[in-house]
Amino acid sequence: MTSGTDGATGPVEGRVWRFGDDVNTDVIHPPAFYSLDPDKVRRGLFHGYDPTIARDLRPGDVFVAGRNFGCGSSRETSIRAIKLNEVGAVVAVDFARIFFRNATNNGLPCLTFARPADLELVEAGTRVVLDPVAATLTCADGTVVELVPPGEFVREIWAAGGLLNLLPTGMSAPES
Amino acid sequence: MSGRTISDIIIDAHSLDEDRSALFRRVSVDAVLGHDATTALLIDDFERRGLSIWDKSKVLLTNDHFAPPATAERADISNKFLGWARGLDMPNLMLDKGICHQLLVEHRLCQPGGLIVGADSHTIMAGAVNTCATGMGATDILFTLATGTTWLRLPPTIAVRFTGALPPESGGRDVVLELLRVLGEGGAQYRSLEFHDETSTRLPQDDRFAISNMAVEIGAKFGVFAADEVTEAHCRDRDGLGPGEPLLGTPVRPDADAGYERVIELDLTDLTARVAKPWSPGNVVPVAELEPTEITSAFLGSCASGRLADIRDAAEEVAGKRVHPNVRFVVIPASVEVFKQALRAGYVEVLTEAGAQFNHSSCGACGGIDKGVLGAADVCVSSSNRNFRGRMGHWDSRTYLASPRTVARAALRGAITPDLYREAQ
Ligand code: SF4
């Protein structure tokens, strides 16, 4: 059920990993793990912050964070590391601009809370179901948290399985 | 309806869409910037899809992250990048010439009024010459290399008016650190920062580069200076134009009634040296309020501050003195061109005599990549732009961001102390 470059945008189900504000790309993926070797990139996820994260993640798990998630470098290795660990989606109060583009371009759903205070409803370690297209996050106790619906252009990229799959037809203007 | 800001005008001028009110705008770009570390990530996709480059003359490529490579793995990545670029016969492949952002602003491709994207977040630095420039990831850049276009959302603009007179001991780095203190990390997220130099002292071009460079630390998409006589002088000199000759670019100023989300005035008259404490560029205090902090390492370099004026400031500070015996002081000129100018001006000798060591123009320890990387116990005062935890090396190392002048003073003292600017050296 995880999304990927196959174009799936169906619901994601997994456990919540909570992070704070201003989590930067050097923390998400330390420069020492920059590589073209997928295994090295995968192992680097949050390595300095907590080396057990990459080990304990399971497919479909969801990252939930505060403000400005992904600030810093444009290196797509941070996105690759998240995808190689099969994280299903990232939900945050808001995202740094380049991180959001990179994630979207690579088919990793990034969504924001309709009400930022709802961040507190989503507890670490609990199971959630996230529907990227419907823009809802359903908590273990059944509470449904509303997310900001992705725009048409973002959904188009997700549905294509990433920006590069829009290349042949990518010259047509997106709806907005 | 209010008038247009600089980014509104530049995006309109590059827009390919009829509908100018669309949320996402398809735009053409004037240039694309790429370096070894990020471009290497797109080569497989480029080849697998059988793509070609829309206009090779508009692409500037350099190896700056692994230059020269420190490990066999990085040598392989570097070779992959160089092999790809040479195979395509890229006319603007600059081998071992310096940091890509510096090479871009030294190049004619970077003109006032232009729209440039690059595979690195600090591409925004070209804003200092009135260019709307922004960083993107490898996938976006691959799309642009193939099409010459990209998608942009029209950003709201925050205008920043610099007024007063900047004290001689303060520089562009202190200005942008102060702005980070005011706005916070992410305080200009998705925004265009539009800088207006209304100071009586005028901000020199190198100070403007430092300010635009670190606009991305505030989260901005663009960090663009309004074109003025400093911009024009820089472009004329760089492009070898005589007084009567027209500029190659189109300098842009905002409409008189431009609609800003917010206007900030920063009077620079009393601006003292600033420092950003670990582990955020937004964690800024005046040097005078910092608790004394012993250092083991001093770094003058990076795309934020490795230019001639920065090296001059440091040389001025250390002339005839010795770097503290506990401190390793590494200097990396932002480009080979800057290095040659610093050699001619005698700054390299002054700094070397004082005990600093020069490395080849590249990113170096800025991204924890190369010579000068920090160990667990290291405390570094750095003129680079990010002090994120673990970025310059070990997770427990600590980096304080400051101006080149502060870096040099701290290197002599062996510490960043609140009296760094109060006592005679
Ligand atoms: S000098 Fe530092 S910030 Fe600038 S491009 Fe290199 S690694 Fe990035």
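Scroll up a little and you will see the structure.
Read on for an overview of the structure. (Residues numbered from 1 in each chain as written. Chains lettered and ligands numbered in written order. Predicted model: local features only at pLDDT ≥ 70, side-chain atom pairs only at ≥ 80, totals over all residues. Heavy atoms only, no water.)

**Structural notes on the overall build of chain A**
Put simply, the rule reads: Only DSSP runs of H or I reaching four residues or more are called helices, and only runs of E reaching two or more are called strands; each is numbered from the N terminus. All radius of gyration figures rest on C-alpha atoms, and the globule criterion is 2.2 Å times the number of residues raised to 0.38. Only heavy atoms matter for contacts: two residues are in contact if any of them lie within 4.5 Å across the pair. Per-residue accessibility takes into account occlusion by the displayed protein chains alone, with areas from the Shrake-Rupley method and a 1.4 Å probe. The charge count includes Lys and Arg as positive and Asp and Glu as negative, but it does not include His or the ends of the chains. Positions of charges follow a simple convention, taking NZ of Lys, CZ of Arg, CG of Asp or CD of Glu.
Across its full length, chain A holds 6 helices and 7 strands. Secondary structure elements of chain A, listed N to C terminal, follow the sequence β-α-α-α-β-α-β-α-β-β-β-β-α. In terms of C-alpha radius of gyration, chain A reaches 15 Å, essentially the compact-globule figure of 16 Å for 176 residues. Principal axes of the C-alpha set define a box for chain A whose edges measure 45 × 40 × 25 Å. Counted over contacts in chain A with a minimum sequence separation of 6, partners at least 24 positions apart contribute 64%. When the accessible surface of chain A is totalled, it reaches about 6600 Å², and 52% of it is carbon and sulfur. Averaging the positions of the 16 positive and the 22 negative side-chain charges in chain A gives two centres separated by 6 Å.

**Notes on the overall build of chain B**
Test applied: We call a residue buried when its accessible area falls under 20% of the maximum for its residue type, exposed when it is over 50%, and partly exposed in between, using a 1.4 Å probe and counting protein chains only.
If you tally the helices and strands in chain B, you get 13 helices and 20 strands. The C-alpha radius of gyration computed for chain B amounts to 21 Å, which stays within 12% of the reference 22 Å derived for 425 residues, consistent with globular compactness. If one aligns the C-alpha atoms of chain B with their principal axes, the spans along those axes are about 60 × 55 × 45 Å. When the 425 residues of chain B are sorted by exposure, 65% land in the buried category. Taking all contacts inside chain B whose residues are at least 6 apart in sequence as the whole, residues at least 24 apart take part in 76%. Total accessible area on chain B is roughly 14600 Å²; 49% of this is exposed by carbon and sulfur atoms. Taken together, the 43 basic and 56 acidic charged side chains of chain B have centroids lying 2 Å from each other.

**Focus on the packing of aromatic side chains**
Rules: In this analysis, rings of Phe, Tyr and Trp, with Trp reduced to its six-membered ring, are considered paired at centre separations within 6.5 Å, and the interplanar angle assigns stacked below 30 degrees, edge-to-face beyond 60, and tilted for intermediate values. Counting as a charge over the ring demands two things of the Lys NZ or Arg CZ atom: a distance within 6 Å of the ring centre and an angle within 35 degrees of the ring normal.
This model, assessed by the stated rule, comprises 19 aromatic pairs over all chains. Here the aromatic rings of Phe153(A) and Trp151(B) are separated by 5.0 Å at their centres, their planes lie at 65 degrees, and the arrangement is edge-to-face. Taken together, the positions of Phe153(A) in helix H6 (residues 152-160) and Trp151(B) in strand E7 (residues 149-153) put the pair across two chains. For the pair formed by Phe153(A) and Trp151(B), the shared burial category is buried. A ring pair is formed by Phe143(B) and Trp151(B), whose centres lie 6.2 Å apart and whose planes are at 45 degrees; its orientation type is tilted. Residue classification places Phe143(B) among the buried positions, given a relative accessible area of 1%. Here Arg389(B) stacks its cationic end above the ring of Trp279(B), 4.2 Å away from the centre of that ring. Stacked on the ring of Trp279(B), the Lys or Arg Arg398(B) has its end atom at 5.2 Å from the ring centre.

**A few points about the pairing of strand E9 (residues 192-197) of chain B**
In summary, the side chains of a regular strand alternate between the two faces of the sheet. Residues and elements named next belong to chain B. For the record, the criterion: Pairing between strands requires that DSSP locate at least two bridges from one strand to the other. If you view a crossover with the strands going away from you and the path from the first strand over the helix to the second runs clockwise, you call it right-handed.
For E9, a buried count of 6 out of 6 residues is recorded, marking the element as mostly surrounded by other parts of the structure. Burial along E9 is two-sided: Ser192, Glu194 and His196 and Leu193, Phe195 and Asp197, pointing in opposite directions, are all buried. The sheet contact formed by strand E8 (residues 157-163) and E9 spans 6 bridges and is parallel. The residue of E9 that forms the bridge with alanine 159 is glutamate 194. On the question of chirality, the crossover connecting E8 to the parallel E9 by way of helix H7 (residues 172-183) is right-handed. Relative to strand E10 (residues 222-225), E9 runs parallel, the two being bridged by 4 bridges.

**Things to note about the site of the ligand**
All names here are of chain B. Keep this limit in mind: Note on definitions. A residue lies near a molecule or strand when any single heavy atom of the residue is within 4 Å of it. Space inside and on the surface of the protein is sampled on a 1 Å grid over the protein atoms alone, with a cavity defined as a set of points where a 1.4 Å probe fits but cannot get out and a pocket as an open set with protein on both sides within 12 Å along at least 5 of 7 lines; lining residues have an atom within 4 Å of a point. Each molecule is assigned to a cavity or pocket provided more than half of its atoms lie within 2 Å of the corresponding grid points. Residue classes follow a fixed rule: Ala, Val, Leu, Ile, Met, Phe, Trp, Tyr, Cys and Pro count as nonpolar, while Asp, Glu, Lys and Arg count as charged, and any other residue, Gly among them, counts as polar. For the domains described, the bounds stem from an automatic or database domain assignment.
The environment of the ligand is made up of His65, Ile99, His101, Asp120, His122, Ser302, Cys303, Cys363, Cys366, Asn385 and Arg391. In a pocket analysis with a 2 Å cut-off to the grid points, the ligand is assigned to the largest cavity. Looking at the shell around the ligand, its residues break down into 4 nonpolar, 5 polar and 2 charged. Shared between two domains, the shell around the ligand takes at least three residues from each, and those domains are domain 1 (1-271) and domain 2 (276-416).

**Describing the interface of chain B and chain A**
Heads up, the condition is: Accessible area that two parts lose when put together, with a 1.4 Å probe and added across both, is what the buried area reports. Between Lys or Arg on one side and Asp or Glu on the other, a salt bridge is scored when a side-chain nitrogen of the former is within 4 Å of a carboxyl oxygen of the latter.
With 49 residues of chain B at the interface, the matching set in chain A holds 42 residues. Taken together, both faces of the contact between chain B and chain A bury some 3900 Å²; the carbon and sulfur share is 58%. Interface area lost by chain B to chain A is led by Leu41(B), Thr139(B) and Trp151(B), which between them contribute 17%. On the surface where chain B and chain A come into contact, there are 3 salt bridges. The salt bridge partner of Lys40(A) is Glu73(B), with a shortest N-O separation of 2.6 Å. Only strand E1 (24-28), helix H2 (36-39), helix H4 (72-87), strand E6 (132-135), helix H6 (138-147) and E7 of chain B provide two or more residues apiece to the side of chain B that touches chain A.

**Let's talk about the state of the cysteines**
Residues and elements named next belong to chain A. Which entries qualify depends on this criterion: Two cysteine sulfur atoms make up a disulfide if the distance between them is within 2.5 Å.
Per the stated rule, a full pass over the model turns up 0 disulfides over all chains. Just so you know, cysteine 71 is unpaired, no disulfide at all, and the nearest cysteine sulfur is the one on cysteine 110, 13 Å from it. We classify cysteine 71 as buried; its relative accessible area is 7%. Not part of a disulfide, cysteine 139 finds its nearest cysteine sulfur in cysteine 110, a span of 18 Å.

**Focus: the pairing of strand E5 (residues 127-131) of chain A**
All names here are of chain A. Of the two faces of E5, only one is covered, namely that formed by Val128 and Leu130; the face formed by Arg127, Val129 and Asp131 stays uncovered. When strand E1 (residues 12-18) meets E5, the two strands line up antiparallel, connected through 4 bridges. When the sheet's bridge partners are listed, glutamate 13 is paired in E5 with valine 129. Between E5 and strand E6 (residues 136-138), which pair antiparallel one after the other, the connecting turn spans 4 residues, and alanine 135 there sits at a positive phi close to 60 degrees.

**Focus: H6(B)**
Every α-helix carries 3.6 residues per turn, so stepping three or four residues along brings you back to the same face. All names here are of chain B. Within H6, 9 of the 10 residues are buried, which leaves the element mostly enclosed by the surrounding structure. Turning to H6, its buried residues are Ala138, Thr139, Asp140, Ile141, Leu142, Phe143, Thr144, Leu145 and Thr147. Two residues or fewer past H6, glycine 148 is found with a positive phi of approximately 75 degrees.

**Details of the sheet that holds E8(B)**
All names here are of chain B. The line we're drawing: Every axis corresponds to a line fitted to the C-alpha atoms, with the helix fit spanning only the stretch in contact, and the corresponding angles, defined between N-to-C directions, vary from 0 to 180 degrees.
Taken together, the 4 strands give an open sheet; going across it, the order is E10-E9-E8-E11, and neighbouring strands pair in parallel fashion. Both edges of this open sheet fall to E10 and strand E11 (262-267), since each of them pairs with a single strand only. Averaged over all neighbouring strand pairs, the angle between strand axes comes to 20 degrees, with direction disregarded. For E8 and E11, the ladder comprises 6 bridges, and the chain directions are parallel. For valine 160, the partnering residue across the bridge sits in E11 and is isoleucine 264. Its contacts with the sheet place helix H1 (residues 6-14) against E8, E9 and E10, and it is angled at close to 105 degrees to E10. Where helix H8 (residues 205-213) meets the sheet, its contacts fall on E8, E9 and E10, and the angle it forms with E10 comes to roughly 155 degrees.

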